[in-house]
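Each chain is listed here by its residues.
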Amino acid sequence: MDMQTWRDSRSRADSATNALREALAALDLPERVQRHLRPMVTHQGAPFVHVGMLSAEHAEQIVEALRIASEARSLAAASRETGS
């Protein structure tokens, strides 16, 4: 992997990590959960966010937020389709 590929991938991983930190903060998850997030780049240049271990309680909070977001997206799509 060349250096530019690594930089681009690292930038993307950093952005995704920061966005996830902001989302977790919006859910009022404690800082100790957010600080375990790490941007990573594989040897092939793929960007990742390492989340680490989450308590079951925190994972359930994240899942509930994702469900709500998914339902809202589905409702918005249905509304656009019906023209309402």
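Calculation notes
Residues numbered from 1 in each chain as written. Predicted model: local features only at pLDDT ≥ 70, side-chain atom pairs only at ≥ 80, totals over all residues. Heavy atoms only, no water. Core = buried A, V, L, I, M, F, W, Y, C linked by side-chain atoms within 4.5 Å. Buried < 20%, exposed > 50% of the residue type's maximum accessible area, 1.4 Å probe, protein only. Contact = heavy atoms within 4.5 Å. Helix = DSSP H or I, 4+ residues; strand = E, 2+ residues; numbered from the N terminus. Pairing = 2+ DSSP bridges. Expected span 1.5 Å × (residues − 1).

### Considerations on the nonpolar core
Here comes step 1: By size, the foremost hydrophobic cluster in this structure holds 5 residues: L24, L29, V33, L37 and I62.
Here comes step 2: Non-local contacts of V33, meaning those with residues more than four positions away in its chain, are made with L24, L54 and H58.

### Here we look at unusual backbone geometry
Here comes step 1: Despite not being glycine, D28 has its phi angle at roughly 65°, a positive value.
Here comes step 2: Summarising the element assignment, D28 is placed in the loop between α1 (3-26) and α2 (31-34).
Here comes step 3: In this structure D28 comes out as exposed when scored by relative accessible area, which is 67%.

### Considering the pairing of strand β2 (residues 47-50)
Here comes step 1: Pairing of strand β1 (residues 38-41) with β2, which is carried by 4 bridges, proceeds in the antiparallel orientation. Counted as the bridge partner of R38 is H50 from β2.
Here comes step 2: With antiparallel pairing between neighbouring strands as the criterion, β1 and β2 make up a hairpin whose turn holds 5 residues, including G45 at a positive phi of roughly 95°.

### Structural notes on helix α3 (residues 56-82)
Here comes step 1: The end-to-end C-alpha distance of α3, which contains 27 residues, comes to 39 Å, matching closely the 39 Å that a straight helix rising 1.5 Å per residue would cover.
Here comes step 2: Once α3 ends, the next one or two residues include G83, with phi positive near 75°.

### Topic: α1
Here comes step 1: The end-to-end C-alpha separation of α1 is 34 Å, in line with the 34 Å expected for 24 residues at 1.5 Å each.
Here comes step 2: Of all the positions in α1, only S9, A13, T17 and L24 are classed as buried.
Here comes step 3: Positive phi shows up at D28, right after α1, with a value of about 65°.

### So, the environment of G45
Here comes step 1: Within the secondary structure, G45 sits in the loop between β1 and β2.
Here comes step 2: Accessibility expressed as a relative area gives 9% for G45, which makes it buried.
Here comes step 3: In the structure, G45 is positioned 41 residues away from Q4 in sequence and 9.9 Å away in space, judged by C-alpha atoms.

### What to know about the side chain of T17
Here comes step 1: The residue T17 is located in helix α1 in this model.
Here comes step 2: Apart from the residues within four sequence positions on either side, T17 is in contact with L37, R38, P39 and V49.

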